[in-house]
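Reading the structure
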Amino acid sequence: MPSPEDHQEILMANAIRTERAEQIARETAERWEEERGVSVTNKLWTYCAGKYGGPILDPACGNGRWSIGLAELCPDCEVVGFDINPTFIERANQRVGQLKAEGRRLNASFHVQDLVDFDLGQEFGLAILPSYTWSTIITQPDQIAFLECLRRHLKPGGAFALYVFMPEHRQAELELQQAGTYAWPEDTVYSTQVKVYDALTQIERPEGTTGEVVRHTYLSEFELLFRLTGFKIAEM
């Protein structure tokens, strides 16, 4: 049984991790603030909004860097975003308040929810997943849980539009490290640091440091995941 000293060390370690996580969230939110604006990928989201209508859902929305821009481009659509990180949601709602105070017309709200277990109490005509969000869902059980939850939030005839990278292209510059493990050199287009890829788990992670961990998903996997959760691929 752990001693009181062990418990104290565990509590201190958890406090350090929590403080570091909050610091990373603040730093990321500040960096994303600088990256706001209408992106070329918003053309995809506005196309989908025009085709499928609203309301529009942005799961794992971060600080709303995509959904707020979309809400401005489609002011007649309600846009709802959620993220598990309260710092991001606070920033998103603050930004919406600032824009409204400036006289901008948009209908957007943001909430704290878990990507694999969310309940927003309404249905949506369209859900979007921009950037590398899908790739941060590391396990197949979590991928299935997210898709099942999302399916319950879509109207009949609703759509789910997502942005993903094709693993074959991303893996083109991999160099063999050891059996089953590969790496991108520092000077490739995909990384400013060495990143390691495990072909067995399909997991990509920075080498020897903390950083973003992502999972490579192949088209054949998407086809099966969508079939299992009641989706079908309409456009690519």
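The coordinates are above.
A brief report on the enclosed structure follows. Values in this document were obtained by computation on a predicted structure and should not be read as measured data.

**Here we look at unusual backbone geometry**
Here Gly 54 and Pro 55 are connected by a cis peptide whose omega angle stands at -10 degrees. Topologically, Pro 55 is positioned in the loop between α2 (42-52) and β1 (56-59). A positive phi is found at Ala 60, a non-glycine position, where the angle reads about 50 degrees. Relative to the helices and strands, Ala 60 is located in the loop between β1 and α3 (67-73).

**Observations regarding the packing of aromatic side chains**
As enumerated under the stated definition, the model contains 8 aromatic pairs in all. The rings of Phe 82, Phe 118, Trp 134, Phe 146, Phe 160, Phe 222, Phe 226 and Phe 231 are connected pair by pair, giving a single aromatic cluster. Directly above the ring of Phe 231 sits Arg 151, whose terminal nitrogen or CZ lies 6.0 Å from the centroid.

**Concerning a nonpolar patch on the surface**
On the surface, Leu 219, Ile 233 and Met 236 cluster together into a nonpolar patch covering about 330 Å² of accessible area. Mapped onto the elements, Leu 219 comes out in helix α7 (residues 219-228). Judged by relative accessible area, Leu 219 falls into the partly exposed class, the value being 36%.

**Re the pairing of strand β4 (residues 124-129)**
Counting buried positions along β4 yields 6 of 6 residues, so the element is predominantly enclosed. Across 2 bridges, β1 lies against β4 in parallel orientation. Residue pairing for β4: Leu 57 is matched across the bridge by Ala 127. As judged from the 5 bridges shared by β4 and strand β5 (residues 154-162), these two strands associate in the parallel manner. Among the inter-strand pairings, Leu 126 is bridged to a residue of β5, identified as Ala 159. Where the polypeptide runs from β4 across helix α5 (residues 140-152) and back to β5, its parallel neighbour, the crossover connection is right-handed.

Parameters and conventions
Residues numbered from 1 in each chain as written. Predicted model: local features only at pLDDT ≥ 70, side-chain atom pairs only at ≥ 80, totals over all residues. Heavy atoms only, no water. Helix = DSSP H or I, 4+ residues; strand = E, 2+ residues; numbered from the N terminus. Phe/Tyr/Trp six-rings, centres within 6.5 Å; stacked < 30°, edge-to-face > 60°. Lys NZ or Arg CZ within 6 Å of the ring centre and 35° of its normal. Patch = residues over 30% accessible without salt bridge, like charges linked within 9 Å, V, L, I, M, F, W, Y side chains within 5 Å. Areas by Shrake-Rupley, 256 points an atom, 1.4 Å probe, with all protein chains shown as cover. Salt bridge = Lys/Arg side-chain N within 4 Å of Asp/Glu carboxyl O. Buried < 20%, exposed > 50% of the residue type's maximum accessible area, 1.4 Å probe, protein only. Pairing = 2+ DSSP bridges. Right-handed = clockwise from strand over helix to strand, strands pointing away.

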